[in-house]
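# Observations on chain architecture
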Amino acid sequence: MSLVELDSGKIRAEFPALSREIRPGVPLVYLDTTATSQKPLRVLEAMERYYRWHNANVHRGIHTLAEEATAEFEGARTKIAEFIGAQDSREVIFTRNATEAINLVAKTWGSSNLKEGDRIVVSEMEHHSNLVPWQMLSAEQGLEINVLPVTEQGELDLREWERLLNKEPKIVCFTHMSNVLGTLNPVAEMCAQARDAGAVSVVDGAQSAPHLPVDVRAIGADFFAFSGHKMCGPTGGGVLWGRAKLLNEMPPFLGGGDMIKRVQMTGFEPNEIPYKFEAGTPSICEAIGLGAAVEYLESVGMESIWKHEQELISYALEGLGEINGITVYGPEAHKRGGVASFTLEGVHPHDIAQVLDRDGVAVRAGHHCAMPLHTKLNVVATARASFYLYNTQDEVDLLVEGIGRVRDMFR
Ligand SMILES: Cc1ncc(COP(=O)(O)O)c(C=O)c1O
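Residues numbered from 1 in each chain as written. Predicted model: local features only at pLDDT ≥ 70, side-chain atom pairs only at ≥ 80, totals over all residues.

Time to look at the packing of helix α3 (residues 64-83) against helix α10 (residues 284-300). Following both chains from N to C, one finds α3 and α10 inclined at 40 degrees, their axes separated by 8 Å at the closest point. With respect to each other, α3 and α10 are oriented oblique. Taken as a pair, α3 and α10 cross one another with a handedness that is left-handed. Here α3 contributes Ala69, Glu72, Phe73, Gly75, Ala76, Lys79, Ile80 and Phe83 to the contact with α10, which in turn contributes Ile284, Ala287, Ile288, Leu290, Gly291, Val294, Glu295 and Glu298. In terms of residue class, the contact of α3 with α10 is made up of 10 nonpolar, 2 polar and 4 charged. (Axes fitted to C-alpha atoms, helices over the stretch in contact; angles between N-to-C directions. Helix = DSSP H or I, 4+ residues; strand = E, 2+ residues; numbered from the N terminus. Parallel < 35°, antiparallel > 145°, perpendicular 65-115°, else oblique. Left-handed = near helix turned anticlockwise from the far one by under 90°. Contact = placed C-beta atoms within 7 Å. Nonpolar A, V, L, I, M, F, W, Y, C, P; charged D, E, K, R; others polar.)

Quick look at the structure:
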């Protein structure tokens, strides 16, 4: 496939928020995509079009608007299935976000397949979303959580991984890409090894689906979760992809309308997948917005987006590395995505973020919902800059210059 150089000007023009000034004469430099991305016009327009012209509830009506809304909603499911290489769009379940998708697996697959004493492997670099649901389940059912550690280089300890698999865990949970270190994990190899060991695999794709080509069948996971709002879509729209066989065997998640085939006062018969897991009126507009977002990302090209971000992170790591007193966490550029978390000697990350904001540079400071990983790194917080298709090398320069000013100010 030929890679197209990204046309920054054209891409940035699609995102109204990027033309903002934070103060007169100080343009926004948005480096917080890992938390949530900006939204392109195409997504905003698709959502407005739905509410303006096609607004109706889905699946239940036979009037024109209901049919149009259903076609848009189910059309979005098909686009998303194609975007992630799913064999069957029934394997795409709409959730509110990645967090809800992972909770769904824990509450349904977990509660019906695990018993006291069973082992769960969870990596030390997980976002709380792929850790706390397993801790909750383990407290309810008396399970044992085995931690897959992170090495000094910020990668998963694959020797320990093999040792943990020998203990025959029932389920293994790890992220495709770390939201703190940027580390890209070898998920396809890990899922294959997990399968050979008889374990079900849950991959948190919240930071990979937005940034690189994802093919769930090539990855070979059993479940793959992601959030629309980190990939140009609206908040309130996320996805759980799961293998049809497993989804068919799992009990429903929430109870209510749409997830049933038949109800009597004495009980109910659940609906087919994916509806079995989509109780109540879904986030219709958000699903349509996410459909428009994946269409937009595909029109730019996921390979090109990934290449662009690789160039930006290499350039950023070089620039950041020259700042006195900085520690940047995570592996070398070619092993990571466009995320750089760092600390500056003697300066609290919140102060870094606050001073950078005066220059219009938006970065995040805190534990980024990965407290155990920060404990491992021996820090309570880091500042984090993250890049997407709309960021430029000039913005990386502004970040590096800004941090230099922070350092001088607190010297
Ligand atoms: C790796 C990872 N997993 C899960 C999540 C949770 O995403 P959400 O809050 O949209 O559910 C995030 C959010 O930052 C993340 O970075």
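Having put the structure on the table, let's press on.
Turning our eyes to something else, we now look at the sheet that holds strand β9 (residues 223-227). The 7 strands are arranged β4-β10-β9-β8-β7-β5-β6 in an open sheet whose pairing can be described as mixed. The sheet is open, and its two edges are formed by β4 (92-95) and β6 (144-148), each paired on a single side. The average undirected angle you get between the axes of adjacent strands in this sheet is 20 degrees. Of the strands in this sheet, β4, β8 (200-204), β9 and β10 (238-242) touch helix α4 (residues 98-113), which is tilted by about 40 degrees from β10. (Pairing = 2+ DSSP bridges.)

A separate point is the sheet that holds strand β17 (residues 382-386). Paired through their backbone hydrogen bonds, the strands of a sheet run either parallel or antiparallel. Spatial ordering of the open sheet is given by β13-β14-β17-β16, a layout of 4 strands whose pairing is antiparallel. Every interior strand has two partners, whereas the edge strands, β13 (326-329) and β16 (364-366), have only one. Across this sheet, the average inter-strand angle for adjacent strands is 30 degrees, counted without regard to direction. Relative to β17, β16 is paired through 3 bridges, and the arrangement is antiparallel. By the bridge assignment, glycine 366 is partnered in β17 with threonine 382. Contacts between helix α12 (residues 349-358) and the sheet are confined to β14 (339-344), β16 and β17, with β16 contributing the most and set at about 160 degrees to the helix.

Much of the literature gives interface size as the accessible area that the parts lose upon coming together. Here the domain parsing of the protein yields domain 1 (8-36 + 301-410) and domain 2 (44-299). Relative to domain 2, the C-alpha centre of domain 1 lies at a distance of 28 Å. Across the boundary between the two partners, domain 1 contributes 27 residues, which contact 24 residues of domain 2. When residues of the side of domain 1 that touches domain 2 are traced back to their parent elements, those giving at least two are α11 (302-321), β14, α13 (371-377) and β17. With 6 residues, the top contributor of residues to the side of domain 1 that touches domain 2 is α11. When grouped by side-chain class, the residues that make up the side of domain 1 that touches domain 2 number 12 nonpolar, 9 polar and 6 charged. (Domains from an automatic or database assignment.)

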